[in-house]
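What follows is each chain in one-letter form.
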Amino acid sequence: MIKFKYMISQIFNRLAVLLVIAGGFFYLINSSSLNAKIQTATNKSSEFSEKSIKVVNLIPYITVEKNHILLGEIFTNVGIKASSRVAYSPKPGKSARFDAKWLYKIARAYNLKWRPLSLKTHIIVERASYEIYEDEVLDALRKAFYDRGYQNNIEIDMNNRRLNIHVATNKNSMISVTGLTVKKKTGRFIATLIVPGESSNAQRFRLTGRVHRLVNIPTLNRNFKRNDVIKKDDIEWIKVRSHELRNGVLQDEEEIIGMAAKRRITSNTPLTRNYLQRPKLVNKGDLVTISLNSLGLQLTTRGRAQDSGSKGDIIRIKNNKSKKIIEAKVIGEDMVIVNLFNRIAFK
(Lines give C-alpha, C1' and ligand atoms only; values in the text may rest on other atoms or scores of the structure.)
Protein backbone atom coordinates (compact mmCIF):
# COMPACT_ATOMS: atom_id res chain seq x y z
CA MET A 1 0.00 0.00 0.00
CA ILE A 2 2.84 2.28 0.85
CA LYS A 3 4.51 1.43 -2.46
CA PHE A 4 1.30 2.15 -4.35
CA LYS A 5 0.99 5.58 -2.78
CA TYR A 6 4.62 6.26 -3.54
CA MET A 7 4.14 5.38 -7.17
CA ILE A 8 1.08 7.62 -7.40
CA SER A 9 3.06 10.46 -5.88
CA GLN A 10 5.87 10.02 -8.39
CA ILE A 11 3.43 10.03 -11.27
CA PHE A 12 1.83 13.29 -10.12
CA ASN A 13 5.26 14.88 -9.63
CA ARG A 14 6.24 13.96 -13.17
CA LEU A 15 2.93 15.25 -14.55
CA ALA A 16 3.53 18.53 -12.75
CA VAL A 17 6.98 18.84 -14.29
CA LEU A 18 5.56 18.09 -17.74
CA LEU A 19 2.86 20.69 -17.24
CA VAL A 20 5.46 23.30 -16.26
CA ILE A 21 7.58 22.49 -19.31
CA ALA A 22 4.54 22.60 -21.62
CA GLY A 23 3.47 25.92 -20.16
CA GLY A 24 6.91 27.39 -20.74
CA PHE A 25 6.94 26.12 -24.32
CA PHE A 26 3.54 27.64 -25.11
CA TYR A 27 4.67 30.90 -23.47
CA LEU A 28 7.70 31.10 -25.72
CA ILE A 29 5.62 30.43 -28.85
CA ASN A 30 3.06 33.08 -27.96
CA SER A 31 5.79 35.57 -27.08
CA SER A 32 7.56 35.06 -30.43
CA SER A 33 4.30 35.47 -32.36
CA LEU A 34 3.52 38.63 -30.46
CA ASN A 35 6.96 40.05 -31.20
CA ALA A 36 6.49 39.25 -34.90
CA LYS A 37 3.15 41.02 -34.94
CA ILE A 38 4.64 43.98 -33.15
CA GLN A 39 7.53 44.09 -35.68
CA THR A 40 5.09 43.87 -38.60
CA ALA A 41 3.01 46.68 -37.18
CA THR A 42 6.15 48.73 -36.60
CA ASN A 43 7.28 48.20 -40.23
CA LYS A 44 3.88 49.17 -41.58
CA SER A 45 3.90 52.23 -39.38
CA SER A 46 7.38 53.11 -40.65
CA GLU A 47 6.32 52.64 -44.28
CA PHE A 48 3.29 54.76 -43.72
CA SER A 49 5.45 57.41 -42.08
CA GLU A 50 7.88 57.41 -45.02
CA LYS A 51 5.04 57.65 -47.49
CA SER A 52 3.54 60.50 -45.60
CA ILE A 53 6.87 62.37 -45.75
CA LYS A 54 7.14 62.15 -49.60
CA VAL A 55 5.03 65.15 -50.53
CA VAL A 56 4.43 65.81 -54.22
CA ASN A 57 5.76 69.24 -55.19
CA LEU A 58 5.63 71.24 -58.42
CA ILE A 59 8.84 72.23 -60.23
CA PRO A 60 8.07 75.74 -61.60
CA TYR A 61 10.89 76.05 -64.16
CA ILE A 62 12.40 73.14 -66.05
CA THR A 63 14.71 72.58 -69.02
CA VAL A 64 14.22 69.47 -71.13
CA GLU A 65 16.46 67.91 -73.76
CA LYS A 66 14.25 65.30 -75.44
CA ASN A 67 11.08 65.47 -77.53
CA HIS A 68 8.70 64.74 -74.63
CA ILE A 69 8.11 66.19 -71.16
CA LEU A 70 8.14 63.55 -68.42
CA LEU A 71 5.95 63.50 -65.30
CA GLY A 72 9.04 63.35 -63.08
CA GLU A 73 10.33 66.57 -64.67
CA ILE A 74 7.20 68.44 -63.53
CA PHE A 75 6.47 66.89 -60.11
CA THR A 76 8.73 65.50 -57.37
CA ASN A 77 8.23 62.19 -55.53
CA VAL A 78 6.10 60.50 -58.21
CA GLY A 79 7.88 57.14 -57.94
CA ILE A 80 7.78 54.73 -60.87
CA LYS A 81 5.50 57.12 -62.77
CA ALA A 82 8.39 59.58 -63.23
CA SER A 83 9.19 58.37 -66.77
CA SER A 84 5.61 58.80 -68.02
CA ARG A 85 5.29 61.16 -71.02
CA VAL A 86 2.76 63.92 -70.43
CA ALA A 87 3.36 66.41 -73.30
CA TYR A 88 5.50 67.28 -76.31
CA SER A 89 8.54 69.46 -75.63
CA PRO A 90 8.79 72.94 -77.19
CA LYS A 91 10.93 73.34 -80.30
CA PRO A 92 14.68 73.88 -79.72
CA GLY A 93 15.33 77.38 -78.44
CA LYS A 94 11.66 77.90 -77.56
CA SER A 95 9.73 77.74 -74.27
CA ALA A 96 6.16 76.81 -73.30
CA ARG A 97 3.86 77.79 -70.41
CA PHE A 98 1.52 75.27 -68.76
CA ASP A 99 -1.25 76.69 -66.55
CA ALA A 100 -2.88 75.51 -63.31
CA LYS A 101 -5.81 73.72 -65.01
CA TRP A 102 -3.53 71.61 -67.16
CA LEU A 103 -1.28 70.78 -64.21
CA TYR A 104 -4.23 69.71 -62.04
CA LYS A 105 -5.58 67.60 -64.85
CA ILE A 106 -2.24 65.76 -65.12
CA ALA A 107 -2.04 65.31 -61.35
CA ARG A 108 -5.51 63.71 -61.24
CA ALA A 109 -4.76 61.50 -64.26
CA TYR A 110 -1.79 59.99 -62.42
CA ASN A 111 -3.42 59.95 -58.95
CA LEU A 112 -1.04 62.48 -57.46
CA LYS A 113 -1.99 64.18 -54.20
CA TRP A 114 -1.43 67.67 -55.50
CA ARG A 115 -3.60 70.65 -56.34
CA PRO A 116 -2.66 74.20 -57.42
CA LEU A 117 -2.66 76.90 -54.78
CA SER A 118 -4.31 79.33 -57.21
CA LEU A 119 -5.17 79.76 -60.87
CA LYS A 120 -1.93 81.71 -61.25
CA THR A 121 0.10 78.59 -60.63
CA HIS A 122 2.06 77.59 -63.74
CA ILE A 123 5.34 76.16 -64.99
CA ILE A 124 7.74 77.25 -67.75
CA VAL A 125 9.34 74.53 -69.87
CA GLU A 126 12.36 75.43 -72.01
CA ARG A 127 13.97 73.22 -74.63
CA ALA A 128 17.75 72.95 -74.23
CA SER A 129 19.53 73.92 -77.46
CA TYR A 130 22.52 75.58 -79.02
CA GLU A 131 22.38 78.25 -81.73
CA ILE A 132 23.77 77.96 -85.25
CA TYR A 133 25.52 81.26 -85.94
CA GLU A 134 26.00 83.13 -89.20
CA ASP A 135 29.66 82.19 -89.61
CA GLU A 136 28.75 78.49 -89.50
CA VAL A 137 26.14 79.02 -92.22
CA LEU A 138 28.67 80.95 -94.32
CA ASP A 139 31.21 78.12 -93.94
CA ALA A 140 28.62 75.63 -95.21
CA LEU A 141 27.81 77.94 -98.14
CA ARG A 142 31.50 78.36 -99.03
CA LYS A 143 31.92 74.59 -99.11
CA ALA A 144 28.95 74.35 -101.47
CA PHE A 145 30.49 77.01 -103.75
CA TYR A 146 33.89 75.28 -103.69
CA ASP A 147 32.18 72.05 -104.72
CA ARG A 148 30.76 74.00 -107.67
CA GLY A 149 34.27 75.00 -108.80
CA TYR A 150 34.60 78.41 -107.16
CA GLN A 151 38.02 79.28 -105.74
CA ASN A 152 38.89 80.73 -102.33
CA ASN A 153 38.67 84.30 -103.62
CA ILE A 154 34.93 84.77 -103.05
CA GLU A 155 32.81 86.80 -100.66
CA ILE A 156 29.23 85.85 -99.77
CA ASP A 157 26.46 88.29 -98.87
CA MET A 158 23.32 86.69 -97.42
CA ASN A 159 19.99 88.49 -97.56
CA ASN A 160 18.61 86.66 -94.53
CA ARG A 161 21.39 87.00 -91.95
CA ARG A 162 19.18 86.58 -88.85
CA LEU A 163 18.00 83.02 -89.28
CA ASN A 164 17.65 82.28 -85.52
CA ILE A 165 18.47 78.58 -85.91
CA HIS A 166 18.52 76.38 -82.80
CA VAL A 167 19.39 72.69 -82.58
CA ALA A 168 18.43 70.41 -79.69
CA THR A 169 21.38 69.43 -77.50
CA ASN A 170 20.67 65.74 -78.09
CA LYS A 171 21.12 66.19 -81.86
CA ASN A 172 24.32 66.61 -83.87
CA SER A 173 25.26 70.11 -85.01
CA MET A 174 26.27 69.26 -88.59
CA ILE A 175 24.64 71.46 -91.22
CA SER A 176 24.58 71.09 -94.99
CA VAL A 177 23.57 73.09 -98.06
CA THR A 178 21.68 71.62 -101.02
CA GLY A 179 20.04 72.90 -104.18
CA LEU A 180 22.57 75.69 -104.81
CA THR A 181 21.84 77.66 -107.99
CA VAL A 182 23.87 80.71 -109.10
CA LYS A 183 23.40 83.29 -111.86
CA LYS A 184 26.82 83.84 -113.42
CA LYS A 185 26.25 87.45 -114.50
CA THR A 186 24.90 88.81 -111.23
CA GLY A 187 26.23 86.25 -108.77
CA ARG A 188 22.81 85.93 -107.12
CA PHE A 189 22.15 82.52 -105.56
CA ILE A 190 19.43 80.41 -103.96
CA ALA A 191 20.12 77.43 -101.68
CA THR A 192 18.53 75.31 -98.94
CA LEU A 193 20.13 74.94 -95.52
CA ILE A 194 19.41 71.65 -93.70
CA VAL A 195 19.85 71.49 -89.90
CA PRO A 196 20.89 68.97 -88.64
CA GLY A 197 22.38 67.68 -91.86
CA GLU A 198 21.63 63.95 -91.39
CA SER A 199 18.30 64.02 -89.53
CA SER A 200 15.03 62.73 -90.95
CA ASN A 201 13.07 65.55 -89.26
CA ALA A 202 15.66 68.27 -90.01
CA GLN A 203 14.77 71.94 -90.24
CA ARG A 204 15.05 73.55 -93.69
CA PHE A 205 15.81 77.20 -94.38
CA ARG A 206 15.85 79.04 -97.71
CA LEU A 207 19.03 81.02 -98.28
CA THR A 208 19.35 83.85 -100.80
CA GLY A 209 22.10 86.33 -101.48
CA ARG A 210 24.96 87.19 -103.77
CA VAL A 211 28.45 85.79 -104.26
CA HIS A 212 31.27 88.16 -105.25
CA ARG A 213 34.56 87.24 -106.88
CA LEU A 214 37.50 88.99 -105.23
CA VAL A 215 40.63 90.47 -106.79
CA ASN A 216 43.91 91.18 -104.98
CA ILE A 217 45.26 94.68 -105.59
CA PRO A 218 48.24 96.58 -104.13
CA THR A 219 47.51 99.66 -102.01
CA LEU A 220 49.40 101.85 -99.53
CA ASN A 221 49.54 100.88 -95.86
CA ARG A 222 49.70 104.51 -94.67
CA ASN A 223 48.67 107.99 -95.72
CA PHE A 224 50.96 109.70 -98.27
CA LYS A 225 51.58 113.38 -98.85
CA ARG A 226 52.29 114.93 -102.22
CA ASN A 227 55.73 114.00 -103.59
CA ASP A 228 56.26 111.20 -101.02
CA VAL A 229 58.12 108.35 -102.74
CA ILE A 230 56.61 104.85 -102.45
CA LYS A 231 58.82 101.97 -101.33
CA LYS A 232 58.17 98.23 -101.30
CA ASP A 233 57.50 98.25 -97.55
CA ASP A 234 54.67 100.73 -98.14
CA ILE A 235 52.63 98.21 -100.18
CA GLU A 236 49.66 96.38 -98.65
CA TRP A 237 47.55 93.91 -100.65
CA ILE A 238 43.79 93.98 -100.17
CA LYS A 239 40.85 92.10 -101.69
CA VAL A 240 38.11 93.97 -103.53
CA ARG A 241 35.02 92.80 -105.37
CA SER A 242 35.76 92.46 -109.06
CA HIS A 243 32.59 94.27 -110.17
CA GLU A 244 33.50 97.24 -107.94
CA LEU A 245 37.00 97.56 -109.43
CA ARG A 246 37.28 100.74 -111.48
CA ASN A 247 38.93 100.83 -114.86
CA GLY A 248 42.61 101.68 -114.69
CA VAL A 249 43.21 100.41 -111.14
CA LEU A 250 46.82 99.20 -110.89
CA GLN A 251 47.18 95.50 -110.04
CA ASP A 252 50.97 95.21 -110.31
CA GLU A 253 53.08 96.57 -107.46
CA GLU A 254 55.98 97.20 -109.85
CA GLU A 255 53.94 100.01 -111.38
CA ILE A 256 53.73 101.66 -107.97
CA ILE A 257 57.08 101.12 -106.25
CA GLY A 258 59.46 104.02 -106.88
CA MET A 259 56.69 106.40 -107.89
CA ALA A 260 55.69 109.49 -105.94
CA ALA A 261 52.28 110.65 -104.79
CA LYS A 262 50.86 113.29 -107.10
CA ARG A 263 48.44 114.35 -104.37
CA ARG A 264 47.42 113.21 -100.88
CA ILE A 265 46.56 109.48 -100.81
CA THR A 266 44.85 107.73 -97.90
CA SER A 267 45.72 104.17 -96.94
CA ASN A 268 44.06 101.21 -98.71
CA THR A 269 42.91 103.38 -101.62
CA PRO A 270 42.87 101.54 -104.99
CA LEU A 271 45.49 103.34 -107.08
CA THR A 272 45.36 104.54 -110.67
CA ARG A 273 48.03 106.36 -112.65
CA ASN A 274 46.31 109.64 -111.84
CA TYR A 275 47.42 109.23 -108.22
CA LEU A 276 51.10 108.79 -109.10
CA GLN A 277 53.96 110.61 -110.76
CA ARG A 278 57.63 110.07 -111.19
CA PRO A 279 59.45 111.43 -108.17
CA LYS A 280 60.87 114.94 -108.57
CA LEU A 281 64.66 114.70 -108.56
CA VAL A 282 65.07 118.39 -109.32
CA ASN A 283 62.89 121.14 -107.93
CA LYS A 284 62.54 124.60 -109.39
CA GLY A 285 65.15 126.96 -107.90
CA ASP A 286 67.46 124.16 -106.76
CA LEU A 287 71.19 124.41 -107.41
CA VAL A 288 72.11 121.49 -109.68
CA THR A 289 75.24 119.95 -111.12
CA ILE A 290 75.47 120.21 -114.91
CA SER A 291 77.65 117.72 -116.75
CA LEU A 292 78.73 117.20 -120.33
CA ASN A 293 80.45 114.12 -121.65
CA SER A 294 82.10 114.45 -125.05
CA LEU A 295 84.80 112.28 -126.59
CA GLY A 296 85.79 110.95 -123.19
CA LEU A 297 86.01 114.41 -121.76
CA GLN A 298 83.73 115.25 -118.84
CA LEU A 299 82.99 118.79 -117.89
CA THR A 300 80.89 119.96 -114.95
CA THR A 301 79.56 123.26 -113.72
CA ARG A 302 76.76 124.55 -111.55
CA GLY A 303 73.46 126.01 -112.49
CA ARG A 304 70.04 127.00 -111.19
CA ALA A 305 66.98 124.90 -112.13
CA GLN A 306 64.25 126.93 -113.80
CA ASP A 307 61.79 123.99 -113.72
CA SER A 308 61.07 120.93 -111.64
CA GLY A 309 61.69 117.55 -113.22
CA SER A 310 61.75 113.79 -112.75
CA LYS A 311 64.28 111.35 -114.12
CA GLY A 312 64.43 111.67 -117.91
CA ASP A 313 62.63 115.02 -118.03
CA ILE A 314 64.11 117.89 -120.05
CA ILE A 315 64.18 121.04 -117.96
CA ARG A 316 65.69 124.54 -118.24
CA ILE A 317 68.89 125.33 -116.38
CA LYS A 318 70.55 128.73 -115.94
CA ASN A 319 74.34 128.54 -116.09
CA ASN A 320 75.78 130.39 -113.09
CA LYS A 321 78.81 131.58 -115.01
CA SER A 322 77.42 132.53 -118.40
CA LYS A 323 73.91 133.34 -117.12
CA LYS A 324 72.62 131.62 -120.20
CA ILE A 325 69.64 129.28 -120.08
CA ILE A 326 70.06 125.83 -121.58
CA GLU A 327 68.02 122.64 -121.73
CA ALA A 328 69.27 119.64 -119.77
CA LYS A 329 68.08 116.13 -119.02
CA VAL A 330 67.50 115.06 -115.40
CA ILE A 331 69.65 112.01 -114.58
CA GLY A 332 69.59 111.99 -110.78
CA GLU A 333 68.87 113.98 -107.66
CA ASP A 334 69.97 117.56 -108.46
CA MET A 335 71.95 116.26 -111.43
CA VAL A 336 71.41 117.02 -115.12
CA ILE A 337 73.28 116.41 -118.34
CA VAL A 338 73.33 118.67 -121.37
CA ASN A 339 73.22 117.79 -125.02
CA LEU A 340 76.48 117.97 -126.94
CA PHE A 341 75.05 120.73 -129.06
CA ASN A 342 74.51 122.88 -126.00
CA ARG A 343 78.15 122.80 -124.89
CA ILE A 344 78.53 126.43 -125.88
CA ALA A 345 76.50 127.21 -122.80
CA PHE A 346 79.48 126.44 -120.62
CA LYS A 347 81.46 129.36 -121.99
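First, a word on scope: everything that follows refers to the structure included in this document.

**Quick look at the packing of aromatic side chains**
Then, in step 1: All chains considered together, the criterion is met by four aromatic pairs.
Then, in step 2: With a centroid separation of 4.5 Å and an interplanar angle of 40 degrees, the aromatic rings of Phe98 and Trp102 are classed as tilted.
Then, in step 3: The buried category is assigned to Phe98, whose relative accessible area is 13%.
Then, in step 4: With relative accessibility at 21%, the residue Trp102 sits in the partly exposed group.
Then, in step 5: The ring of Phe224 is capped by Arg222, whose NZ or CZ atom sits 4.1 Å from the centre of that ring.

**Notes on helix 4 (residues 134-147)**
Side chains of residues three or four places apart in an α-helix project in the same direction, reflecting 3.6 residues per turn.
Then, in step 1: For helix 4, which comprises 14 residues, the first-to-last C-alpha distance of 20 Å matches the rise-based estimate of 20 Å (1.5 Å per residue) to within 8%.
Then, in step 2: Of all the residues in helix 4, the buried ones are Val137, Leu138, Ala140, Leu141, Ala144 and Phe145. Taken end-on, helix 4 shows its buried residues confined to a sector of 160 degrees, consistent with a single buried face. Exposed side of helix 4, more than 90 degrees from the buried face: Lys143 and Asp147 are the residues found there.

**A look at the pairing of strand 5 (residues 122-127)**
Then, in step 1: Burial along strand 5 is one-sided: Ile123, Val125 and Arg127 are buried, and none of His122, Ile124 and Glu126, which face the opposite way, are.
Then, in step 2: Judged from the four bridges that link them, strand 1 (residues 61-64) and strand 5 form a sheet pairing that is parallel. For Tyr61, the partnering residue across the bridge sits in strand 5 and is Ile124.
Then, in step 3: Relative to strand 5, strand 4 (residues 95-99) runs antiparallel, the two sharing five bridges. Bridge assignment links Arg97 to a residue of strand 5, and that residue is Ile124.

**Description of the sheet that holds strand 5**
Then, in step 1: If you walk across this open sheet you meet the three strands as 1-5-4, and the pairing is mixed. At either end of the open sheet lies a strand with only one pairing partner, and these are strand 1 and strand 4. If you compare each strand with its neighbour and ignore which way they point, the axes differ by 25 degrees on average.
Then, in step 2: Against the sheet, helix 3 (residues 100-109) touches strand 4 and strand 5, its axis set at about 75 degrees to strand 4.

Thresholds, definitions, all that
- Residues numbered from 1 in each chain as written.
- Predicted model: local features only at pLDDT ≥ 70, side-chain atom pairs only at ≥ 80, totals over all residues.
- Heavy atoms only, no water.
- Phe/Tyr/Trp six-rings, centres within 6.5 Å; stacked < 30°, edge-to-face > 60°.
- Buried < 20%, exposed > 50% of the residue type's maximum accessible area, 1.4 Å probe, protein only.
- Lys NZ or Arg CZ within 6 Å of the ring centre and 35° of its normal.
- Helix = DSSP H or I, 4+ residues; strand = E, 2+ residues; numbered from the N terminus.
- Expected span 1.5 Å × (residues − 1).
- Arc of directions from axis to C-beta.
- Pairing = 2+ DSSP bridges.
- Axes fitted to C-alpha atoms, helices over the stretch in contact; angles between N-to-C directions.
- Contact = heavy atoms within 4.5 Å.

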